[in-house]
Amino acid sequence: MVIVTHQRDKCIGCGYCVEAASKRWRMSKLDGKVHLLGSINKKGFHTVKIADDDQYEENFVAAELCPVKIIKVSQI
């Protein structure tokens, strides 16, 4: 299982995460920030649990590419 957490309020809308992991990230046309698809917001932290371990690598790359370092990815 893969857990991805994103602090959307701090997003600058660069889009690197969308390029690295398009199955899980989408750019919002409303405010130019990204959405972590399937996530639940708790106090500004958007988190999703993914059963597909194959998505770990691409989301890890998305976290590494994020210039403001607001994406955390772990595998359990």
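Everything below is about the structure shown above.
Residues numbered from 1 in each chain as written. Predicted model: local features only at pLDDT ≥ 70, side-chain atom pairs only at ≥ 80, totals over all residues. Heavy atoms only, no water.

1. Overview of the side chain of Thr5
Right, so step 1: Here Thr5 is to be found in strand S1 (residues 2-6).
Right, so step 2: Within the structure, the side chain of Thr5 is placed 3.3 Å from the side chain of Thr47, a separation counted as a polar contact.
Right, so step 3: Those residues in contact with Thr5 that lie beyond four places of it in its chain are Phe45, His46, Thr47, Ile70, Ile71 and Lys72. (Helix = DSSP H or I, 4+ residues; strand = E, 2+ residues; numbered from the N terminus. Polar contact = N/O pair within 3.5 Å; in protein donor to acceptor, adjacent residues only side chain to side chain. Contact = heavy atoms within 4.5 Å.)

2. Description of the sheet that holds strand S5 (residues 45-50)
Right, so step 1: Strand order in the open sheet made by the four strands is S4-S5-S1-S6, with antiparallel pairing throughout. Bordering the open sheet on either side are strand S4 (40-42) and strand S6 (71-75), each of which pairs with just one other strand. Taking each pair of neighbouring strands and ignoring which way they run, the sheet shows an average axis angle of 20 degrees.
Right, so step 2: In this structure, S1 lies alongside S6, joined through five bridges in antiparallel fashion. Residue pairing for S6: His6 is matched across the bridge by Ile71.
Right, so step 3: Strands S1, S5 and S6 of the sheet are contacted by helix H2 (residues 56-65), whose axis makes an angle of about 150 degrees with S6. (Pairing = 2+ DSSP bridges. Axes fitted to C-alpha atoms, helices over the stretch in contact; angles between N-to-C directions.)

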